[in-house]
Each structure stands twice: as structure tokens, then as C-alpha cells.
Amino acid sequence: MGDSQAWTATPAAAERARSVLAAAWSCAVTAEGSREELVGAHTVAEDGRVLLDVPEDSALVAAAICAPRGEPAAVLEFADVAPVPVRKRIRARLWLSGWFTSEEGKLAFQSTRVVLRQPSGAVVVDLDEFAAAAPDPLAIAEARLLTHLADCHPDAVERLTRLVDSDSLHGAVRVQPLAVDRHGLTLRIERTRAQADVRLPFHRPADDVAQLTERMHILLAQAAAASCPRALQRQRADGDG
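Residues numbered from 1 in each chain as written. Predicted model: local features only at pLDDT ≥ 70, side-chain atom pairs only at ≥ 80, totals over all residues. Heavy atoms only, no water.

## Description of the nonpolar core
Part 1: If you look at the biggest cluster of nonpolar residues, it comprises 30 residues, and the most contacted ones within it are Leu-160, Leu-185, Leu-212 and Met-216.
Part 2: With five residues, strand β9 (residues 172-181) is the single largest residue contributor to this core.
Part 3: With residues up to four places along the chain from it excluded, the contact list for Leu-212 reads Leu-138, Leu-145, Val-180, Phe-202 and Ala-206. (Core = buried A, V, L, I, M, F, W, Y, C linked by side-chain atoms within 4.5 Å. Buried < 20%, exposed > 50% of the residue type's maximum accessible area, 1.4 Å probe, protein only. Helix = DSSP H or I, 4+ residues; strand = E, 2+ residues; numbered from the N terminus. Contact = heavy atoms within 4.5 Å.)

This is how it looks when you write it as C-alpha cells:
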């Protein structure tokens, strides 16, 4: 069938965790019984260490100085928020437990435990795999790509629903693009009182935006050749009445 959707891989837990870390703009830090919300204050080293730029009078500086070396002294929490407005916009949460050290005027956080929670459940990420993993190549651009798709090409989103099993579309009141990574596109199907996610895998991974564009064109071509799901036809007919 030519470009059939044979590629069904999803990001490994370590890659997903590093993607959440790479794309996050804010984080919550709990240390010495206090909690601070930091915005735009962290960067990520190649090995996954988080570097925080905080004021000298921050409680985190005292926590870094006073905590026993090698013992977990803080927890960093990152939330992965869907860029397109949907119900339950938190797609994943990432927790890093560990301790701080001072490094070139910043606080460097060394993780001793990494936990990733997704709708499918929580998983403890292997520390070596976390350090070695790279974020998804589309992670930084994902928000821009998804909002463009939702705002400027709603017709394309509707066309892609032709690739979704009609049972999954039963009772659907809205379909939005929820996530995209090198392996595929995820659609959020919202019903009156519930929602479900459906993944449309690419036929092969996309390593940059140009390849993503080509993968999306293939999905849209497949959708154009598919029949319109009956459930969506009923949805549109009900909405027109």
C-alpha cells in the first residue's frame, strides 16, 4: 500500500522525560520545607542536570549549602501543558529528586530519582538512560506547530479524523491536536463528559520540522483517500440541525 502506517513506536520514558524538561518554561522547587515557583530560571545540561539561576537570598541557596552531601534535599517538578486549549491540559508531570551544588554562580541539581507520570501511569526512569537520552527533536517547536495546526488548519484536523476508528469518534463534540513528536501525532477527542486520545503514527520518524511536514502530508493524503467516519457524519448533521 505504499506509505502504510507501519511505524508505531512511541517515545521511550527517558526521551519523554527529557522532552518535558527541554520544553518546560517553569518549575516548582521544594526544599527545606519551602516551595518556590520559578519561571524562566532554569537551563538543562546535556546530561540532564538542571541549572537554576536564583537570587542569592533564595531559600534554595541555603538548602544547597546546608544539606548533607549525597542525600536527597529537594524535589523539582515540571508540568507538560498542552499548547492547544483542551480539557485536562496537563499531559505529563516530571519529578526530579536529588541535591544541589554550586556551579559557576548557579545551582546545579543532581538527580537521584526521576519519575514521569503520564495518563498511562507513573514510571521511574533509569538515571543512566535519562542522562544519555536526548529530547525529541520537535519538542521546542511543538507548541508553535500545534497551535498553527489548530488555529489555521482546522479543516486538516477534521480530515485527519478519517484515520480514526469510527467507534472512537462516537459522541465526539470536538477534536483537537494534543501532541506531536517525531513518532506521530496525537488527537484529543472530546465528548460531552469525557475525552480520549488517539495516536496517528508516522510511517517513519521525523527528525526535524521539514520531515514533519512531509509526514503530515502523507497522513493527510491517506485521510483524503479514506471514507468519512459515520460517527463524525452524525456529529456534523446533529450540529447543523
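On we go from here.
## So, unusual backbone geometry
Part 1: The phi angle at Lys-88 is positive, at roughly 50°, despite the residue not being glycine.
Part 2: Within the fold, Lys-88 resides in the loop between β5 (74-81) and β6 (90-103).
Part 3: Taking the relative accessible area as the measure of exposure, Lys-88 reaches 63% and is therefore exposed.

## Topic: the layout of surface pockets
Think of a ball as big as a water molecule: rolled over the atoms, this probe shows where empty space is left.
Part 1: The volume enclosed by the largest pocket comes to roughly 680 Å³.
Part 2: As for the largest pocket, its lining consists of 28 residues, of which Arg-16, Arg-91, Gln-118, Pro-119 and Ala-179 are closest to the centre.
Part 3: Taken together, the elements giving at least two residues each to the lining of the largest pocket come down to α1 (13-23), β6, β9, β10 (184-191) and β11 (195-201).
Part 4: No other element matches the five residues that α1 contributes to the lining of the largest pocket.
Part 5: Broken down by class, the residue content of the lining of the largest pocket amounts to twelve nonpolar, six polar and ten charged. (1 Å grid on protein atoms, 1.4 Å probe; cavity = no way out; pocket = protein on both sides within 12 Å on 5 of 7 lines; lining within 4 Å. Points joined across faces, edges and corners; volume = space filled by probe spheres on them. Nonpolar A, V, L, I, M, F, W, Y, C, P; charged D, E, K, R; others polar.)

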